[in-house]
Amino acid sequence: MRKADHVPDLAEAAALQRRRYRELQLQSRLFDARTRTIGVDLEGLDAQINDKRIQDATRRAWDDSIAAEMKQNDKIMCILDQRQKKDTVNIGKALNEFRHNYQQPETRREFDLSDPQSLKKNMPARVADSDPRCTASGLQKFMGEDLNSENRKKCQQEQTREWLLEQQKDLTNALADRKFADGLHDAHRLELDQRAMDLQRRDEETRRAICATTKEFNRKQAIESEEKRKLEKQQELEDNIAEISNLLKGDLLSENPQQAVSSFASHRVIPDRWKGMSQDQLKEIRDVQLQQVLEKLRLEEEERQRKAEWDRRRIQGARAELLYERHQQRQNRELRRALDNLNAQLSQDQKSRRAALDEEAYANFPSGQYYTQFNTTSR
């Protein structure tokens, strides 16, 4: 075999090490009676469920934030796209308008090179002997000569002057339009300011009128309240005088005993008019109270005698119970002594039987290696 075949695979070794580690952890959980619950790792499952919930909540929050950010970005992109389309349309309109107004094909310098009517405007092949289009063989025109240079320059200068005049005219019109627009804007602002001042003035006048009306109304109300208060005070004074007179002449202050008798029965009284009981009534109440005290003393004496009788019976019962417990303890000691003798006899018989079994039946005793083969794996 080649030498490369003996090189260990690091990934396989790491996987084997992880499996061994997991196996040791599983054995520690399964063989530990304190943490094992019917073969299920509740703590591990709870931890996994908690981790799963935390991961789901984190992923859900992350997805929500990404979705909100994507919605915001989509809205921004839509707004920017609409703005860009609108700007493109406006720029195209302005460009087409500028081209239509200032860049007509006839105004270009090189229009004569691409004029579709150039063939119709051209002169014939030969007009006269002085025709500058004649060839060199006719000795009418030589290379490098420009017989129409002055006319061409004049035409070009005239065209340039027309362009400049047209641009100046456009600039003057633009300035006039802007000045006119500024004037309209200033006039509109002055009109709005004047209208606002008028509205503010009207509001102040209305507010002053309301304040004056409210002040007059409050003054009238104060006068009416003062008059009403005076009338109420006069009426209250008259009512108080009449009440004092009635009280002085009535049965309440004169302490008439008949005025406390109720109309429902002669033995009933009116509480707010009753002035107290008579001497006969007080004596009758004291006699009844004395009888109640004597009756209470009699009942207390009977209760005391009853409790003494119950205490005597309880002491007798406790003495009888104590004697019975002592008799029961003596019987228990005798039974315990007999049971100990029986257990000793049984223990001696069991030892003899075990010794016989060890010598005859259990002669082939398993070694420690036999027990080490159990609980070595979790499977």
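Structure: above.
Residues numbered from 1 in each chain as written. Predicted model: local features only at pLDDT ≥ 70, side-chain atom pairs only at ≥ 80, totals over all residues. Heavy atoms only, no water.

S.K.: Honestly, the pattern of salt bridges in this entry has me stumped. Any pointers?
M.R.: Pairs can form between side chains of opposite charge once their charged atoms are near each other. For the coordinates displayed, the defined rule picks out 18 salt bridges. A salt bridge links Arg 161 to Glu 158, with the shortest nitrogen-to-oxygen separation between them at 2.3 Å. Here Arg 161 pairs with Glu 158, and both are found in helix α4 (residues 149-249), just 3 residues apart, close to one helical turn. According to the relative accessible area criterion, Arg 161 is partly exposed, its value standing at 42%. You can call Glu 158 partly exposed: its relative accessible area is 35%. Across the pair Arg 229 and Glu 226 runs a salt bridge, and its minimum N-O distance is 2.4 Å. Pair noted here: Arg 229 and Glu 226 are both in helix α4, with a separation of 3 residues, about one helical turn. Judged by relative accessible area, which is 32%, Glu 226 ranks as partly exposed. A single salt-bridge network, built from bridges that share partners, covers Asp 198, Arg 201 and Glu 205. (Salt bridge = Lys/Arg side-chain N within 4 Å of Asp/Glu carboxyl O. Helix = DSSP H or I, 4+ residues; strand = E, 2+ residues; numbered from the N terminus. Buried < 20%, exposed > 50% of the residue type's maximum accessible area, 1.4 Å probe, protein only.)

S.K.: Got a minute to help me understand the environment of Thr 107 in this structure?
M.R.: Tracing the chain through its elements places Thr 107 in the loop between α2 (42-102) and α3 (118-121). Overall, the relative accessible area of 33% leaves Thr 107 in the partly exposed class. Measuring from C-alpha to C-alpha, the distance between Thr 107 and Trp 163 comes to 8.8 Å, with 56 residues separating the pair along the chain. With sequence-adjacent residues up to four places away left out, Thr 107 is seen in contact with Tyr 102, Gln 159 and Trp 163. Among the polar contacts made by the side chain of Thr 107, one reaches the main-chain carbonyl oxygen of Gln 104 at a distance of 2.8 Å. (Contact = heavy atoms within 4.5 Å. Polar contact = N/O pair within 3.5 Å; in protein donor to acceptor, adjacent residues only side chain to side chain.)

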